[in-house]
Amino acid sequence: MEEIKEPAYFKELAHRLMFDLSDAEAADIAAEFETLNKQLRLLESIDTTGVEPMVYPFETPTNYLREDVVDHVISREDALANAPKVRECHIVVPKVVK
C-alpha cells in the first residue's frame, strides 16, 4: 500500500532543503501531492498493451527552429571578471544542500 504523506513530512523535507513552510503551506502541498498521486494511479491504470512508445511527443519533426549564429563572444577572463570566487576557470559557489 502506498504511504500517505502528512504535512509534517513536507515541512521536514523543506527544512532539509534549507527553507521553511508554514503549517498551511505544508497542508496545501500534502493535498496537492495526494491529488497528483490519484492522477498518476489513473494514468497507470490505462491499458497500453500494443501501443508503441514515442521517442518524441510530436509525430512530425520540428523544423521551425533557427540556426545558431555566433555574433558576440567574450573571453574567459571577461566572463569571470566579476565572479567573487574563481578556481581553475570555474565560478565557485557555496554549497546549499546537505
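Not measured: the values here are computed from a predicted model. (Residues numbered from 1 in each chain as written. Predicted model: local features only at pLDDT ≥ 70, side-chain atom pairs only at ≥ 80, totals over all residues. Heavy atoms only, no water.)

Caption draft 1: Just a nonpolar patch on the surface, in detail. On the surface, Tyr9, Leu13, Leu17, Met18, Phe19, Val96 and Val97 cluster together into a nonpolar patch covering about 630 Å² of accessible area. Residue position: Tyr9 is located in helix H1 (residues 7-16). Accessibility expressed as a relative area gives 34% for Tyr9, which makes it partly exposed. (Patch = residues over 30% accessible without salt bridge, like charges linked within 9 Å, V, L, I, M, F, W, Y side chains within 5 Å. Areas by Shrake-Rupley, 256 points an atom, 1.4 Å probe, with all protein chains shown as cover. Salt bridge = Lys/Arg side-chain N within 4 Å of Asp/Glu carboxyl O. Helix = DSSP H or I, 4+ residues; strand = E, 2+ residues; numbered from the N terminus. Buried < 20%, exposed > 50% of the residue type's maximum accessible area, 1.4 Å probe, protein only.)

Caption draft 2: Just the packing of aromatic side chains, in detail. With the rule as written, the count across this model stands at two aromatic pairs. Arranged with centres 5.2 Å apart and planes meeting at 85°, the rings of Tyr9 and Phe10 form a pair that is edge-to-face. By relative accessible area, which is 9% here, Phe10 ends up buried. Centroid distance Phe10 to Phe33: 5.4 Å. Interplanar angle 65°. Geometry classified as edge-to-face. You can see Phe10 sitting in helix H1 and its partner Phe33 sitting in helix H2 (residues 23-44), a full 23 residues away along the chain. (Phe/Tyr/Trp six-rings, centres within 6.5 Å; stacked < 30°, edge-to-face > 60°.)

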